[in-house]
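One letter stands for each residue in the lines below.
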Amino acid sequence: MAEHLSQSELDYPFKLLEYFNGFRVSKMIFSACELGVFDLLLKSQDALSAQHVAQELGTSMDGMERLLDALVGIEILEVETAQGTALYSSTDVANLYLAKGSAKSLHDMIIYRSQTVYPLWNNLVDAIREGRNQYEKTFGLPSGHFFQAIYRSEEEMLKFMGIMSCHWVLDGHDVVTAFDLSRFQKVVDLGGCTGALANEMARAYPASSVTVFDLPQVVEAAQKHFKQEDSGVTFQSGDFFSDEIPGADLYVLARVIHDWPEEKCLALLKKVYETCKPGEFPRNQGHPHTLAGR
Ligand SMILES: C[S@@+](CC[C@H](N)C(=O)[O-])C[C@H]1O[C@@H](n2cnc3c(N)ncnc32)[C@H](O)[C@@H]1O
């Protein structure tokens, strides 16, 4: 570690302190999102006092004042003083990413992190000791099948699908255009969920046909709640372990491989290799292509 952290860290451990206090910053943002602080400040035309925010959101005045000051400290909110009263307002960043409703809102992702991921990470020590996920200990759900736990109700499934989409609003275009993929005529996004990345792909390469392949209940929900009619993306349902996967000359596996143990990954990648139409690799290596993302 000493080799990677700068010399000054030996005199005073700035980075180390930042690392192990990082959870406090996460919790401040999670709490403000859950309480609706950013939504209220976005709606309000004027900067608001801590008392006003506390009253509107039904919290203690002392707790809210501390939270607002802490958010000013990490430059997510701004404060000005008028006649001895501190008045708080949102920054553009908070309005764009932390409040509900903007096209780039990460609100749902933050709520999921707060209510599902954070409690799971609380059991990280046990996860490492036992080598398995902690759904059972954290939520009393069977941990044997990861997606059965995540998709335990339609509401939970839609929440998960929502946060999967959020990521691609930020990075999707950059990811699909990082390489020129225009020569691939048929693209299949395995485990493509809502189709958010597939939509970016179809937009960037309008001459390609793009198909999302995912579990039946996910495909049904994707078409009902997330489908973008004009994107031209098609959906096919199935299980990529037990069913045939559609033929393609490019497969996308975005954030899929990391979900599975080694033997399942190898089985899936073998299936992709065998089904993928051979094509020309940029440096003429002449083997099928897999665009794998994690
Ligand atoms: C972590 S999510 C990633 C979603 C999407 N690729 C993305 O990056 O936003 C994994 C996806 O794999 C799908 N999946 C899980 N098991 C599957 C299976 N056996 N067959 C097909 N899809 C599956 C899930 O429904 C989910 O959409």
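Residues numbered from 1 in each chain as written. Predicted model: local features only at pLDDT ≥ 70, side-chain atom pairs only at ≥ 80, totals over all residues. Heavy atoms only, no water.

The strands that make up a sheet are held in pairs by hydrogen bonds between backbone atoms, and each pair lies either parallel or antiparallel. Here three strands make up an open sheet; going across it, the order is β1-β3-β2 and the pairing antiparallel. With partners counted over all chains shown, the strands left at the sheet margins are β1 (48-49) and β2 (77-82), one partner each. Judged from the two bridges that link them, β1 and strand β3 (residues 85-90) form a sheet pairing that is antiparallel. Counterpart to S49 in the pairing with β3 is L87. Relative to β2, helix α5 (residues 61-73) is tilted by about 115°, and along the sheet it contacts β2 and β3. (Pairing = 2+ DSSP bridges. Helix = DSSP H or I, 4+ residues; strand = E, 2+ residues; numbered from the N terminus. Contact = heavy atoms within 4.5 Å. Axes fitted to C-alpha atoms, helices over the stretch in contact; angles between N-to-C directions.)

Within this numbering scheme, the UniProt entry marks residues 17-99 as carrying the feature "domain: O-methyltransferase dimerisation" (unreviewed entry). Annotated as residues 17-99, this span is 65% helix and 17% strand, and its ends, taken at the C-alpha atoms, are 29 Å apart. (UniProt positions renumbered as here; feature names shortened; annotations may be inferred.)

Another point: the packing of helix α4 (residues 50-57) against α5. Between α4 and α5, the least distance of the axes is 9 Å, while the angle of their chain directions is 120°. Taken as a pair, α4 and α5 cross one another with a handedness that is right-handed. For the pair formed by α4 and α5, the contact residues are A50, Q51, V53, A54 and L57 on the first element and M61, M64, E65 and L68 on the second. (Left-handed = near helix turned anticlockwise from the far one by under 90°.)

Turning our attention to the nonpolar core. Ranked by internal contacts, the top residues of the largest apolar core, which has 79 residues, are F38, L190 and M201. For this core, the leading source of residues is helix α11 (residues 154-177), giving eight residues. Ignoring sequence-local partners within four residues, the contact set of L190 consists of F213, F240, I245, Y251, V252, L253, V256 and V272. (Core = buried A, V, L, I, M, F, W, Y, C linked by side-chain atoms within 4.5 Å. Buried < 20%, exposed > 50% of the residue type's maximum accessible area, 1.4 Å probe, protein only.)

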